[in-house]
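Residue strings, one per chain:
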Amino acid sequence: MEIDLGANAFGIDFHPSKNLVAAGLIDGQLHLYRYDTESSLVRERKVRAHKESCRAVRFIDDGQRIVTASADCSILATDVETGASVARLENAHEDAVNTLITVTETTIASGDDKGCVKIWDTRQRSCSHEFSVHEDYISDMTIASDSMKLVATSGDGTLSVCNLRTNKVQAQSEFSEDELLSVVIMKNGRKAICGTQNGILMLYSWGFFKDCSDRFVDLSPNSVDVLLKLDEDRLFTGCDNGIISLVGILPNRIIQPIGSHEFPIEDLALSHDNKFLGSTAHDSMLKLWDLEEIIEGANGNASGAADDSDSDNDGMDLDNDPKPSKGSKRKTKSKANPVDNRAFFADM
């Protein structure tokens, strides 16, 4: 099923328990849609959330609120039932906010176009920590929740690991020749997978972040703008040729195509029951792909995945020098990944 949003959507997210999907648009609007199993998408609400483009969208607080981040440097919490503003941080960052994830029940993280990552205490509505690791925009972030390590990728071509318990930058990769646009953690925390501008998936072994341990080149030369984890062995890729694919990791292979848009993919998200994959692109379309038959058919291929030969070292402190040695800079734009969902800023 699909619907024309009327403008390009930079970010989408599904409600954690209901058949609702939210989209943040380039014109600053936040749209909320209800969907069913009979191929129907109906708009429930439209909110003028931001003055400039809405780049990231997340349901939080068990789906009671939606948090959005914008190019106007603000972060907003909106009530799902009423569409009313719950809390707004007008100058959350000095530059446009590009990514947003939930870290814990009372903590969110945001990344901006200057490479700054901020950690927010949602109870106090204040920034608790700030990391200025990167020289270019934060393209994506994800969290290793057990160890409280935040992994970020950047347009400067590096990956960083920030320890949220010690509030220190723990590691940073060497500069890649291409921008790192997306990141997920897989293989039960043993691998960080990054999508790049030249279409190569770079696999980093946890604790050994200086250089990647493996590369998957079958998607090249199409830029891998979005990664979305399905399980510990499979992920979805969204590329600038508009193709969405299901990809296996270790063994690395393209399992099958899922669907396509006419223009580059902007964001991907999974419904609460994993029945639908949502996608947006530069064509202003929101599409929901029925995954039940696709996933059932692919499950057999994913079983018995080969063990990776890299160390299963669970230590997070092996990269002692967080600074890369050399680098290059370019500028494009990518999105962020969801993690958990609970309470946002306390009611005003």
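Computed from a predicted model, the values in this text were never measured in an experiment.

1. Considering the overall build of the protein chain
Helices and strands together make up the secondary structure of the protein chain, namely one helix and 28 strands. Across the 348 residues of the protein chain, 60% fall into the buried class. Contacts spanning at least 24 positions in sequence make up 50% of the contacts within the protein chain whose residues lie at least 6 apart. On the protein chain, roughly 13500 Å² of surface is accessible, and the fraction owed to carbon and sulfur atoms is 42%.

2. Looking at the sheet that holds strand 4 (residues 29-35)
One open sheet holds the four strands; their spatial order is 2-3-4-5, and the pairing between them is antiparallel. Each end of this open sheet is capped by a strand with a single partner; those strands are strand 2 (9-14) and strand 5 (41-48). Geometrically, the sheet is characterised by an average inter-axis angle of 20° between neighbouring strands, direction not taken into account. Relative to strand 4, strand 3 (residues 20-25) runs antiparallel, the two being bridged by five bridges. Within the sheet, the bridge partner assigned to Gly 24 lies in strand 4 and is Leu 30.

3. With respect to the side chain of Asp 156
The residue Asp 156 is located in the loop between strand 15 (149-154) and strand 16 (159-163) in this model. Polar side-chain contacts of Asp 156 include one of 3.2 Å to the side chain of His 134. Of note is the side chain of Asp 156, whose polar atom sits 2.9 Å from the backbone nitrogen of Glu 135.

4. Some points on the environment of Ile 12
Mapped onto the fold, Ile 12 is located in strand 2. Taking C-alpha positions, Ile 12 is 9.6 Å from Leu 270, a pair spaced 258 residues apart along the chain. Setting aside chain neighbours within four positions, we find Ile 12 in contact with Ala 22, Ala 23, Val 57, Arg 58, Asp 267, Leu 268, Ala 269, Gly 278, Ser 279, Thr 280 and Leu 286.

5. Here's the deal with the nonpolar core
Among the nonpolar cores identified, the biggest contains 17 residues, and Phe 236, Ile 244, Ile 258, Leu 268, Leu 270, Leu 277 and Leu 291 are the most heavily contacted of them. Only strand 22 (224-229), strand 24 (243-248), strand 25 (253-260), strand 26 (265-270), strand 27 (276-281) and helix 1 (292-302) provide two or more residues apiece to this core. Top contributing element to this core by residue count: strand 26, with three residues. Setting aside its immediate chain neighbours within four residues, Leu 277 contacts Leu 228, Phe 236, Ile 244, Ile 258, Leu 268, Ala 269, Leu 270, Lys 287, Leu 288, Trp 289 and Leu 291.

6. Quick word on unusual backbone geometry
Ser 220 connects to Pro 221 through a cis peptide bond whose omega is 10°. Unusually for a residue other than glycine, Asn 167 sits at a positive phi of about 60°. Tracing the backbone shows Asn 167 in the loop between strand 16 and strand 17 (168-172). Even without being a glycine, Asn 274 presents a positive backbone phi close to 60°. As for its position among the elements, Asn 274 is in the loop between strand 26 and strand 27. Asn 274 sits in the partly exposed class, given a relative accessible area of 37%.

7. Examining the pattern of salt bridges
Across all of its chains, the model carries eight salt bridges by this definition. The salt bridge partner of Lys 18 is Glu 81, with a shortest N-O separation of 3.8 Å. Of this pair, Lys 18 sits in the loop between strand 2 and strand 3 while Glu 81 sits in the loop between strand 8 (75-79) and strand 9 (85-89), and the two are 63 residues apart along the sequence. Judged by its relative accessible area of 38%, Lys 18 falls in the partly exposed class. Residue Asp 231 is joined to Arg 234 by a salt bridge in which the shortest nitrogen-to-oxygen separation is 2.6 Å.

8. Topic: the UniProt feature "repeat: WD" (unreviewed entry) in the protein chain
Here, UniProt's "repeat: WD" (unreviewed entry) annotation points to residues 90-130 and 258-292. Taken as a whole, residues 258-292 contains 3% helix and 60% strand, while its terminal C-alpha atoms sit 12 Å from one another.

9. Describing the environment of Lys 275
Checked against the element boundaries, Lys 275 lands in the loop between strand 26 and strand 27. The sequence separation of Lys 275 and Thr 37 amounts to 238 residues, and the corresponding C-alpha distance is 9.3 Å. Every residue in contact with Lys 275, bar those within four places of it in the chain, is listed here: Trp 289, Asp 290, Leu 291 and Glu 292.

10. Side note on the packing of aromatic side chains
Where two aromatic rings form a pair, the distance of their centres and the angle of their planes describe that pair. Under the definition given, this model contains three aromatic pairs. Look at Tyr 35 and Phe 276: their rings are 5.5 Å apart centre to centre, the planes differ by 75°, and that puts the pair in the edge-to-face class. Here Tyr 35, found in strand 4, pairs with Phe 276, found in strand 27; they are 241 residues apart in sequence, far enough to count as distant. Each member of the pair Tyr 35 and Phe 276 is classed as buried. Look at Trp 206 and Phe 209: their rings are 5.0 Å apart centre to centre, the planes differ by 80°, and that puts the pair in the edge-to-face class.

11. Quick notes on the pairing of strand 16
A regular strand places its side chains on the two faces of the sheet in alternate fashion. Buried residues dominate strand 16, accounting for five of its five residues. Residue alternation in strand 16 divides its side chains into two sets, Leu 159, Val 161 and Asn 163 and Ser 160 and Cys 162, and both sets are buried. Here five bridges tie strand 15 to strand 16, and the two strands are oriented antiparallel to one another. Its bridge partner lying in strand 16, Val 151 is registered against Val 161. In sequence, strand 15 turns back onto strand 16 through a hairpin of four residues, with Gly 157 there showing a positive phi of about 90°.

The rules behind these values
- Sequence positions are assigned chain by chain, starting from 1 and proceeding in written order.
- Local features in a predicted model are, by the rule used here, given only for residues with pLDDT of at least 70; side-chain atom pairs are given and counted only at 80 or more, and totals for whole chains, interfaces and linings are based on all residues.
- Note that water and hydrogens are dropped before the side-chain values are worked out from all heavy atoms of the structure.
- The way it works is that DSSP assigns letters per residue, a run of H or I at least four long becomes a helix, a run of E at least two long becomes a strand, and they are numbered from the N terminus.
- Only protein chains enter the area calculation, which uses a 1.4 Å probe; residues under 20% of their type maximum are buried, those over 50% are exposed, and those in between are partly exposed.
- In what follows, a contact means two residues having at least one pair of non-hydrogen atoms within 4.5 Å.
- Where accessible areas are quoted, they stem from the Shrake-Rupley method and a 1.4 Å probe; at the residue level, only the protein chains shown are allowed to cover.
- Any two strands with at least two DSSP bridges between them are considered paired.
- In this analysis, axes come from line fits to C-alpha atoms, helices being fitted only over the stretch in contact, and the angle between any two N-to-C directions falls in the range 0 to 180 degrees.
- Think of a polar contact as two N or O atoms within 3.5 Å of one another; within protein, one of them needs to be a possible hydrogen donor and the other a possible acceptor, and neighboring residues in sequence only count if both atoms come from side chains.
- What makes a nonpolar core is a set of buried Ala, Val, Leu, Ile, Met, Phe, Trp, Tyr and Cys residues whose side-chain atoms join them at distances within 4.5 Å.
- For this document, the term salt bridge refers to a Lys or Arg side-chain nitrogen within 4 Å of an Asp or Glu carboxyl oxygen.
- UniProt positions are given in the numbering used here, feature names are shortened, and annotations may be inferred rather than shown by experiment.
- We call Phe, Tyr and Trp rings a pair once their centres come within 6.5 Å, taking the six-membered ring for Trp, and we label the pair stacked below 30 degrees between planes, edge-to-face above 60, and tilted otherwise.

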